[in-house]
Protein chains: 2
Amino acid sequence: MRCPFFQNLETLGCNETLPLHEVIEQLAFNEQGLISVIAQDAETKEVLMLAWMNQTALQQTLDTRRMTYWSRSRNEIWVKGATSGNYQTLEAMYFDCDGDAVLCLVKQQGAACHTERKNCFYIEAQKLTNCAVVTTASP
Amino acid sequence: MRCPFFQNLETLGCNETLPLHEVIEQLAFNEQGLISVIAQDAETKEVLMLAWMNQTALQQTLDTRRMTYWSRSRNEIWVKGATSGNYQTLEAMYFDCDGDAVLCLVKQQGAACHTERKNCFYIEAQKLTNCAVVTTASP
């Protein structure tokens, strides 16, 4: 899935800049117009969740600093925390080498997971025992 | 995208276990049979890359402890590092609350990115200046 635009960036040196809107326009949104977004706690470095943005949600996130996703189940723009109060404030946004994934460092208000757990990745695969173990209790 | 199987897990307490193969069978692989996988450095907590696995790659990763993805560009199983030597050793694997994303803590040999950068997320969006900045030089 190599995009010529991002291939051309591979040789850039550190601190080289390019217009932000050009990069956003070239992102590899999928056939549903979505791109994967990883939200990582800026302080603890914990990976909180994986969700999706369309171009509007991504631009709104940059403009408001409030993490704004595309809800695939509700089919609508979703400001994280709008109903729960568990907002995420954007601290930094990165694009990957292929332009098909976004990493956001965020300040998380309350729990990231809809189960009220701190993060969404609470089921651990344990190959030795062939078990999956819940690592955090539901509150 | 709530799956009844994963909804039933939401109320489980900490350390509760269930058969690993059942969880894997219930994962929400997409219409191409793939699931998003985040590779995070187990030591530094740096997010290294986002890639994809099918069920075979996921099982092979658990069996061999070598991160094994599905290459969407080459349309084949891809043992990360098989050509570059930059293997990733699996230290822990987690599934998220919706069963549609996987987080792997890995020990990274060499660079994670095909550009020989340490990680793939080296283009930072800087809203204030409307620039995208390369944060790591290509070697």
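Residues numbered from 1 in each chain as written. Chains lettered and ligands numbered in written order. Predicted model: local features only at pLDDT ≥ 70, side-chain atom pairs only at ≥ 80, totals over all residues. Heavy atoms only, no water.

(A) Examining the overall build of chain A more closely. The helix and strand inventory of chain A stands at 3 helices and 9 strands. Its helices and strands taken in sequence order, chain A reads α-β-α-β-β-α-β-β-β-β-β-β from the N to the C terminus. Projected onto its principal axes, the C-alpha positions of chain A cover 45 × 40 × 30 Å. Pairs at least 24 apart in sequence give 39% of the contacts found in chain A among residues at least 6 apart. If you average the places of the 11 positive and of the 16 negative side-chain charges in chain A, the two averages end up 10 Å apart. (Helix = DSSP H or I, 4+ residues; strand = E, 2+ residues; numbered from the N terminus. Contact = heavy atoms within 4.5 Å. Lys, Arg positive; Asp, Glu negative; His and termini not counted. Charge placed at Lys NZ, Arg CZ, Asp CG, Glu CD.)

(B) Structural view of the interface of chain B and chain A. Each partner contributes residues to the interface: chain B has 63 residues there, and chain A has 63 residues. For the pair chain B and chain A, the summed buried surface comes to about 5,200 Å²; carbon and sulfur atoms form 63% of the total. Three residues, Phe121(B), Ile123(B) and Lys127(B), lead the burial of chain B against chain A; their summed loss comes to 13% of the area buried on that side. The tally of links from chain B across to chain A stands at 4 salt bridges. Across the salt bridge formed by Arg72(A) and Asp100(B), the nearest N and O atoms sit 3.0 Å from each other. Run the count over chain B and chain A and you get 30 residue pairs in polar contact (both at pLDDT 80 or more). When grouped by side-chain class, the residues that make up the side of chain B that touches chain A number 33 nonpolar, 16 polar and 14 charged. Summarising the sheet, strand S8 (residues 123-126) of chain A and strand S6 (residues 88-95) of chain B pair through 3 bridges and their orientation is antiparallel. Bridge assignment links Ile123(A) to a residue of S6(B), and that residue is Phe95(B). (Buried area = accessible area lost by both parts, 1.4 Å probe. Salt bridge = Lys/Arg side-chain N within 4 Å of Asp/Glu carboxyl O. Polar contact = N/O pair within 3.5 Å; in protein donor to acceptor, adjacent residues only side chain to side chain. Nonpolar A, V, L, I, M, F, W, Y, C, P; charged D, E, K, R; others polar. Pairing = 2+ DSSP bridges.)

(C) A look at the nonpolar core. Counting 95 residues, the largest nonpolar core has Leu58(A), Phe95(A), Leu58(B) and Phe95(B) as the members making the most contacts within it. Setting aside chain neighbours within four positions, we find Phe95(A) in contact with Leu20(A), Val23(A), Ile24(A), Leu27(A), Leu58(A), Ala101(A), Val102(A), Cys120(B), Phe121(B), Tyr122(B), Ile123(B) and Ala125(B). Counting residues in hydrophobic clusters, the runner-up holds 5 residues, among them Leu34(A), Trp52(A), Trp52(B) and Trp70(B). (Core = buried A, V, L, I, M, F, W, Y, C linked by side-chain atoms within 4.5 Å. Buried < 20%, exposed > 50% of the residue type's maximum accessible area, 1.4 Å probe, protein only.)

(D) Geometry of the relation of the copies chain B and chain A. Mapping chain B onto chain A leaves a residual RMSD of 0.0 Å; the transformation is a rotation of 180° accompanied by 0.0 Å of translation along its axis. What we have between these two chains is a two-fold relation. Among all C-alpha atoms of chain B, that of Lys45(B) lies closest to the rotation axis, at 2.9 Å. In this assembly, 100% of the residues forming the interface of chain B have copies in chain A that are likewise at the interface, indicating an isologous arrangement. (Least-squares fit on C-alpha atoms with pLDDT ≥ 70 in both.)

(E) Spatial organisation of the packing of aromatic side chains. Going through the model one piece at a time under the given rule, you end up with 4 aromatic pairs over all chains. Between Phe5(B) and Phe6(B) the ring centres are 5.2 Å apart and the planes differ by 80°, which places this aromatic pair in the edge-to-face class. Given a relative accessible area of 17%, Phe5(B) falls into the buried group. For Phe6(B), a relative accessible area of 1% translates into the label buried. Above the plane of the ring of Tyr122(A) lies Arg117(A), whose end atom (NZ or CZ) is 3.7 Å from the centre. (Phe/Tyr/Trp six-rings, centres within 6.5 Å; stacked < 30°, edge-to-face > 60°. Lys NZ or Arg CZ within 6 Å of the ring centre and 35° of its normal.)

(F) Expanded view of the pattern of salt bridges. Residue and element names in this part refer to chain A. Tallied over the entire structure, the rule returns 8 salt bridges over all chains. The partner of glutamate 46 in a salt bridge is lysine 118, with the nearest N and O atoms 3.3 Å apart. Here glutamate 46, found in the loop between strand S2 (35-41) and strand S3 (47-53), pairs with lysine 118, found in the loop between strand S7 (101-108) and S8; they are 72 residues apart in sequence, far enough to count as distant. Note on glutamate 46: relative accessible area 18%, which makes it buried.

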